[in-house]
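Residue strings, one per chain:
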Amino acid sequence: MTGTVYKSTGSWYWVKSENTLYKCRIKGKFRIKGIKSTNPIAVGDIVDFSLETNNNEETGVINKIHERNNYIVRKSVNLSKQTHIIAANIDQVFLLITIDNPPTFTTFIDRFLVTAEAYSIKTVLVFNKIDAYEIEQKAEILYLKDIYEAIGYDCIEVSATENINVDKIKDLMTDKVSMFSGHSGVGKTTLLNTIEPSLNLKTKEISEQHKQGQHTTTFAEMFDLSFDAQIIDTPGIKGFGVVDMDKDELGDYFPEFFALKQHCKFNNCIHVNEPSCAVKEALETEEISWSRYKSYLQIMEGEEEHYRTDIWE
């Protein structure tokens, strides 16, 4: 039988085939060529499985994974540095961003976008909780939209609680497999409940002590929606570690750098110390954002993502 993985808990997988969910496991060791990760199979994967009966319970055994169109992967920011595939076979990702409560920093946004670019996944930036912001925070949203819209990313201001621009998200989701991602507490689950109230997914309040969300989604899970769309809800991400990328290719995943690459003096310019670099010249004339270039250098140098220790535990 062939089906799509809808949920993974690490040891069990729920696979949907012909409108029926089957509880499946992996038999023995399961390795995918060229990929070393904590989870060999991810939500969104197409798999082959066979059914068996043990103690009057019918379960499935996954024996093959089909070739993926794409997948999105991150490296854990804890000491293990393990690679984890978040989801596979995605048409687009909605990255939810909040200016405060909790704050989303440009280093996190840029690391996510670089990974999505590397795996050819369209990303839409969703600025959530706009109903709760004062003038300074609204100005910050406009500043960020200026940066990211200029390089081709769609940006949508949303309030899940006040139902502002939620229809725009639904329109983009129709006929596609989408994924919601972002820090814990940015409102992924609330937005999903607003889009599809019948899901009635659990949400929790923001922790006042650390101004961060409490994890409510513990495993990635796919849902079929009533308007011919599918959504993969994912656990909140504290930090986004970029999986090893070739330094010569990193600039290609920054669209504004890639557009200028042909004007650099050297074909193999990595936009750091080389003379007559079109990217650095554009930086001086403010055609390129300094925050984007700073993120680029951090990833290039293999630095960890920096986030404020007074906010993140």
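Rules used throughout
- Residues numbered from 1 in each chain as written.
- Predicted model: local features only at pLDDT ≥ 70, side-chain atom pairs only at ≥ 80, totals over all residues.
- Heavy atoms only, no water.
- UniProt positions renumbered as here; feature names shortened; annotations may be inferred.
- Phe/Tyr/Trp six-rings, centres within 6.5 Å; stacked < 30°, edge-to-face > 60°.
- Helix = DSSP H or I, 4+ residues; strand = E, 2+ residues; numbered from the N terminus.
- Buried < 20%, exposed > 50% of the residue type's maximum accessible area, 1.4 Å probe, protein only.
- Lys NZ or Arg CZ within 6 Å of the ring centre and 35° of its normal.
- Salt bridge = Lys/Arg side-chain N within 4 Å of Asp/Glu carboxyl O.

- Under an unreviewed UniProt entry, the name given to the protein chain is Small ribosomal subunit biogenesis GTPase RsgA, and the organism recorded is Tenacibaculum polynesiense.
- What the UniProt record of the protein chain gives under Subcellular location (unreviewed entry) is the line "Cytoplasm".
- Its UniProt record, at the heading Subunit (unreviewed entry), says of the protein chain: "Monomer. Associates with 30S ribosomal subunit, binds 16S rRNA."

### Focus on the packing of aromatic side chains
Here the distance between the centres and the angle between the planes together describe a pair of aromatic rings.
Argument step 1. In this structure the tally under the stated criterion is nine aromatic pairs.
Argument step 2. Ring geometry for Phe257 and Tyr296: centres 5.0 Å apart, planes at 75°, overall edge-to-face. Placement of the pair is Phe257 in helix 6 (residues 255-260) and Tyr296 in helix 8 (residues 290-300), with a sequence separation of 39 residues. Each member of the pair, Phe257 as well as Tyr296, is classed as buried.
Argument step 3. Ring pairing ties together the aromatic residues Phe254, Phe257, Trp290, Tyr293 and Tyr296, which thus form one cluster.
Argument step 4. Over the aromatic face of Tyr71 sits the side chain of Arg68, whose NZ or CZ is 5.4 Å from the ring centroid.

### So, the pattern of salt bridges
Side chains that carry opposite charge are capable of pairing whenever their charged atoms lie near each other.
Argument step 1. Summed over the entire model, instances satisfying the criterion amount to nine salt bridges.
Argument step 2. With its nearest N and O atoms 3.0 Å apart, the salt bridge here joins Lys122 to Asp154. With Lys122 in strand 9 (residues 122-127) and Asp154 in strand 10 (residues 154-157), the pair connects residues that are 32 residues apart, well separated along the chain.
Argument step 3. A relative accessible area of 37% means that Lys122 is categorised as partly exposed.
Argument step 4. Using a relative accessible area of 35% as the deciding quantity, one classes Asp154 as partly exposed.
Argument step 5. A salt bridge links Asp252 to Lys261; the shortest N-O distance between them is 3.1 Å.

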